[in-house]
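Inside the fold
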Amino acid sequence: MPFTLLKMIDKIKEYIGEAEHFQTDNKEQLEAFRIKFLSKKGILNELFAYFKTVPNDQKKEFGQAINTLKSAIETKVKTIQEEIESKNVQGLYGDLTRPGYPTSIGSRHPISLVKNQIVDIFNSIGFTISEGPEIEDDWHNFSALNFPDYHPARDMQDSFFVQSNPQHLLRTHTSSVQARYMEDHKPPLRTISPGRVFRNEDISSRSHCIFHQVEGLYIDKDVSFADLKQTLLYFTKEMFGKSKIRLRPSYFPFTEPSAEVDIYWGLKTEVDYRITKGTGWLEIMGCGMVDPNVLTNCNIDANEYSGFAFGMGIERIAMLLYQISDIRMFYENDVRFLEQFKSNF
């Protein structure tokens, strides 16, 4: 290889080394570096012009050296350019990869908090969780639970029926889940059914057309009302820290006998007087022994098995625990309201 060509290749290698070691944070210096190599009168154009005079058998080696230099120059210019722009932008605006606004830590909804607490309490004494559809048929929502057609008890739960099929409706209670569970499982049964229910009621501070329930069911041989009372007493101690309850006779089509459960809330504060209307007692749920007709409807031998059921509104329990005066607050998604429950996340 001619001596001149060897010198040119050595010179190109020097230029490559210069490009690899070049560093600056100054735009003017970078532009001078770019012009030196990449402008029309720059070093690369001179080398390409010289390339035309190189013998054909030596063009490959010389061409590879020029291309390596060109790639090194372009990469260096681009890298330093991006670094300079990044520093300038961060100086003005900070780190642009950060979120535009601070992202606060979320919290669980109070309904979820109370539901989970109820579920945990009953899980600890052997109750499983069962779920069912929110759009229910007439049999599971009414007839199987001892609501015959045209029975006046159906008026207790003003329902949302599906217009295209009047035999289907939005479930009015999670007792429909219990009916399905009894059909699909053999005793002994011990389950709770949390879920959303729907009733055609006027919306006010104390009632809503959508709310949540947890209903419990226990069926086995020789189950008595005493078992029911002991279970409810355990629940009130764990949930409220209060151990004084009373059961008042009531009526539900699917239980007989039936009762309303009151807890002695006390009269220690002005709030206690207000929520108990000066009595100290507060209704928290309904309960009773499962009616034999319900067992028979669900293919369980009423002569061999007995059981109890209970049900409570989650919103009502949450309103008591958190001293919330208006049920509508649970559904308005007001961040100011929901942020109060962050400590319970």
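A quick note: this is a predicted structure, and the numbers were derived from the prediction, not measured.

A closer look at the pairing of strand β4 (residues 165-170)
Two strands pair when backbone bridges link them, and strand β2 (residues 135-137) and β4 are joined in this way by three bridges, in the antiparallel orientation. Bridging from a neighbouring strand, Glu 136 pairs with Leu 169 of β4. In this structure, strand β3 (residues 160-162) lies alongside β4, joined through three bridges in antiparallel fashion. Paired with Phe 161 across the bridge in β4 is Leu 169. Hairpin connection, β3 to β4: the antiparallel pair is bridged by two residues.

Side note on a positive patch on the surface
Residues Arg 206, Arg 274, Lys 277 and Arg 316 make up a contiguous surface patch of positive charge. On the basis of relative accessible area, Arg 274 is assigned to the exposed category, the value being 51%.

Overview of the pairing of strand β5 (residues 189-198)
Counted residue by residue, β5 has eight buried out of ten residues, so it is predominantly covered. In the sheet, strand β1 (residues 128-129) pairs with β5 via two bridges, with the strands oriented parallel. Looking at β5, one finds that Thr 128 is bridged to Thr 191. When β5 meets strand β6 (residues 210-220), the two strands line up antiparallel, connected through ten bridges. Of the residues in β6, the one forming a bridge with Ser 193 is Glu 215.

Topic: the packing of aromatic side chains
In the structure shown here, the tally under the stated rule is 18 aromatic pairs. Pairing Phe 122 with Phe 127 gives two aromatic rings, centres 5.4 Å apart and planes at 75°, and the pair type is edge-to-face. Of the residues examined, Phe 127 reaches a relative accessible area of 4% and is grouped as buried. Relative to Phe 310, the ring of Phe 122 has its centre 5.0 Å away and its plane inclined at 25°; by these criteria the two rings are stacked. In this pair, Phe 122 sits in helix α5 (residues 110-123) while Phe 310 sits in strand β10 (residues 306-313), placing the two residues 188 residues apart along the sequence. With respect to burial, Phe 122 and Phe 310 carry one shared label: buried. Put simply, the rings of Phe 122, Phe 127, Tyr 218, Phe 235, Phe 240, Trp 265, Phe 308 and Phe 310 pair up and form one aromatic cluster.

Cut-offs applied
- Residues numbered from 1 in each chain as written.
- Predicted model: local features only at pLDDT ≥ 70, side-chain atom pairs only at ≥ 80, totals over all residues.
- Heavy atoms only, no water.
- Pairing = 2+ DSSP bridges.
- Helix = DSSP H or I, 4+ residues; strand = E, 2+ residues; numbered from the N terminus.
- Patch = residues over 30% accessible without salt bridge, like charges linked within 9 Å, V, L, I, M, F, W, Y side chains within 5 Å.
- Areas by Shrake-Rupley, 256 points an atom, 1.4 Å probe, with all protein chains shown as cover.
- Salt bridge = Lys/Arg side-chain N within 4 Å of Asp/Glu carboxyl O.
- Lys, Arg positive; Asp, Glu negative; His and termini not counted.
- Charge placed at Lys NZ, Arg CZ, Asp CG, Glu CD.
- Buried < 20%, exposed > 50% of the residue type's maximum accessible area, 1.4 Å probe, protein only.
- Phe/Tyr/Trp six-rings, centres within 6.5 Å; stacked < 30°, edge-to-face > 60°.

In short, shape yes, function no, at least from these values alone.
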